[in-house]
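Results of the structural survey
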Amino acid sequence: MSNTVQTLATLAAFPTISAAPNEDLIRYAAERITVAGGRIHMLAGAVPGKFNLLASFGPETGAGLVLSGHSDVVPVTGQDWHSDPFTLTERDGKLFARGSSDMKGFLAAMLTAAERADKRKLTRPLHLAFSYDEEIGCVGVRDLLTRLQAEGFKAQGCVIGEPTELRVITGHKGKIAGCICCRGKAAHSANPALGCNAIELAGGMLAEMSALQQELARARRDDAYPFPHTSLHAGKIAGGVALNIVPDACDIEFEIRYLAGEDTGALLERLRTAGSRLAAPSNGGSVEVRVTNEYPGVETPVDAPITQQALAAADAMETGKIGFGTEAGLFAQALGMQTVICGPGSIDRAHKADEYVTRDELAACDAFLDKMIATLGE
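Criteria and cut-off values
Residues numbered from 1 in each chain as written. Predicted model: local features only at pLDDT ≥ 70, side-chain atom pairs only at ≥ 80, totals over all residues. Heavy atoms only, no water. Salt bridge = Lys/Arg side-chain N within 4 Å of Asp/Glu carboxyl O. Buried < 20%, exposed > 50% of the residue type's maximum accessible area, 1.4 Å probe, protein only. Core = buried A, V, L, I, M, F, W, Y, C linked by side-chain atoms within 4.5 Å. Helix = DSSP H or I, 4+ residues; strand = E, 2+ residues; numbered from the N terminus. Contact = heavy atoms within 4.5 Å. Pairing = 2+ DSSP bridges. Axes fitted to C-alpha atoms, helices over the stretch in contact; angles between N-to-C directions. Polar contact = N/O pair within 3.5 Å; in protein donor to acceptor, adjacent residues only side chain to side chain. Expected span 1.5 Å × (residues − 1). Arc of directions from axis to C-beta.

Quick look at the pattern of salt bridges
Going through the model one piece at a time under the given rule, you end up with 20 salt bridges. Between Arg 147 and Glu 151 there is a salt bridge, with the nearest N and O atoms lying 2.7 Å from each other. Residue Arg 147 is classed as partly exposed on the basis of its relative accessible area of 39%. Since its relative accessible area comes to 51%, Glu 151 is described here as exposed. Here Glu 215 and Arg 270 are joined by a salt bridge, their closest N and O atoms 2.8 Å apart.

Rendered as structure tokens:
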């Protein structure tokens, strides 16, 4: 096996599901980086057993390059795998394991590239960043970015190695997740006028969301995205206790995935205004629109240095945009650095049974990162 494949096998064996600690994987990476001559900073997260890692090679000053990826993976519960999801298994050139595409394949290539780089020729620093809990809302990297921002960390650009089939991606939508929390008044179903039905309030809010989505579909668009508009989505709803009780609570979990420049404050205010209107004639009802998580989108210019370097390293002519979110916007927002997304594997294989990456994809990523690191010696 190549060094990157061997490393992927080791990384895949760490069951770093977002609900679990990632400390063992981070310590393994830190040991590899130390042996390769890197400077490491393990940063404990807000949750015990969770760590971010920042490693640096070459000069301690200068506008260098950041290679970044998350160490957590999604669960495998209820999925019909044909092999152990935490044991890298090869079949017909495909390397199956949870996280092989999303995104331990890139983490393995990061470690290989750092070990293979000639540090004596680096005139600008190379940084490797490993985060935790990306899969549950880009949570863990915020601790790292807050620390780096306070320290005045600077870099010319950042490559986030999410699976893009090594296409150079310059944009993705931002996301807001939240709860439309509908509250009513319990009563016996034989006399519903004595209560306030929270599920009916939720139904009114679902109708409002549908109307707003139709408006958004007629407004701004960006045809670089598979869904070219800002989207409003209800993903989960829960309410009621028993059939013969007027329900006093019903929660809608929703998300907004928005185009760059969207006035998200106005969208949230539209929902809050609708909630107040629906609740006003009710018998003691209320609707609260609560934001629980959000991260920004990213829009990196095609002529930005990091974009042009990535295109050259990937031997590509065109950039693209993706429908899923990454940590890229947070790096850009917190540190003011231009960021692209480019990594091996495909998002279409992620989060499902028999996730895989191919040997050829890992080899291509090795070559891509070698070329990116070579720009630090110019």
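Resuming the write-up.
Some words on the nonpolar core
Membership of the largest hydrophobic core comes to 52 residues, with the highest contact counts inside it found for Leu 67, Leu 126, Leu 128, Phe 130, Val 159 and Phe 368. Among the elements of the structure, helix H1 (3-12), helix H2 (23-35), strand S2 (51-57), strand S3 (64-70), helix H3 (100-116), strand S6 (126-131), helix H7 (305-313) and helix H9 (359-374) are those that each provide at least two residues to this core. It is H3 that contributes the most residues to this core, 9 residues altogether. Beyond its immediate chain neighbours, meaning those up to four positions away, Phe 130 contacts Ile 26, Ala 29, Ile 33, Phe 51, Asn 52, Leu 53, Gly 69, Leu 107, Met 110 and Leu 111. Residues Ile 169, Tyr 295, Ile 322 and Ala 334 belong to the second largest nonpolar core, which totals 25 residues.

Considerations on the sheet that holds strand S18 (residues 356-358)
Ordered in space as S4-S5-S18, the 3 strands form an open sheet in which the pairing is antiparallel. Whereas interior strands pair on both sides, the edge strands pair on one side only; in this sheet they are strand S4 (89-91) and S18. On average, each strand axis in the sheet is inclined to that of its neighbour by 30°, with strand direction left out of account. By the bridge criterion, 3 bridges tie S4 to strand S5 (residues 94-96) in an arrangement that is antiparallel. Residue Arg 91 lies in a different strand from S5, and its bridge partner there is Lys 94.

A look at the environment of Arg 124
Along the polypeptide, Arg 124 turns up in the loop between H3 and S6. According to the relative accessible area criterion, Arg 124 is buried, its value standing at 18%. Separated by 60 residues in sequence, Arg 124 and Gly 64 have C-alpha atoms that sit 5.0 Å apart. Aside from chain neighbours lying at most four places away, what touches Arg 124 is Pro 59, Ala 63, Gly 64, Gln 156, Thr 375 and Leu 376. Reaching out from Arg 124, the side chain makes a polar contact with the backbone oxygen of Thr 375 at a distance of 2.8 Å.

Considerations on helix H5 (residues 198-217)
Compared with an ideal rise of 1.5 Å per residue, which puts 20 residues at 28 Å, H5 spans 29 Å between its outermost C-alpha atoms and is within 8% of the ideal. Those residues of H5 that sit buried are Ala 198, Leu 201, Ala 202, Met 205, Glu 208, Met 209, Leu 212, Gln 213 and Leu 216. Along the long axis of H5, the arc covered by the buried residues comes to 140°, so they all point the same way. The exposed residues of H5 that point more than 90 degrees off its buried face are Glu 200 and Ala 207. Contacts made by the buried residues of H5 are with strand S9 (174-183), strand S11 (231-239), strand S13 (249-258), helix H6 (264-279) and strand S14 (286-295). Two or three places before Ile 199, at the start of H5, stands the capping residue Asn 197, its side-chain oxygen 2.9 Å from that residue's backbone nitrogen.

Section: the pairing of S3
Across the 7 residues that make up S3, a large majority, 7, are buried. When S3 meets strand S7 (residues 155-160), the two strands line up parallel, connected through 5 bridges. Looking at S7, one finds that Gly 64 is bridged to Ala 155. Pairing of S3 with S6 involves 6 bridges; the strand directions are parallel.

Things to note about helix H4 (residues 141-150)
Buried residues of H4: Val 141, Leu 144, Leu 145 and Leu 148, and no others. For H4, the buried positions fall inside an angular range of 95° around the axis, keeping them on one side. Along H4, exposed side chains directed more than 90 degrees from the buried face belong to Thr 146 and Ala 150. Those residues of H4 that are buried lie in contact with strand S1 (39-44), S2, S6 and helix H8 (328-335). One or two steps after H4, the chain reaches Gly 152, where phi turns positive at roughly 75°.

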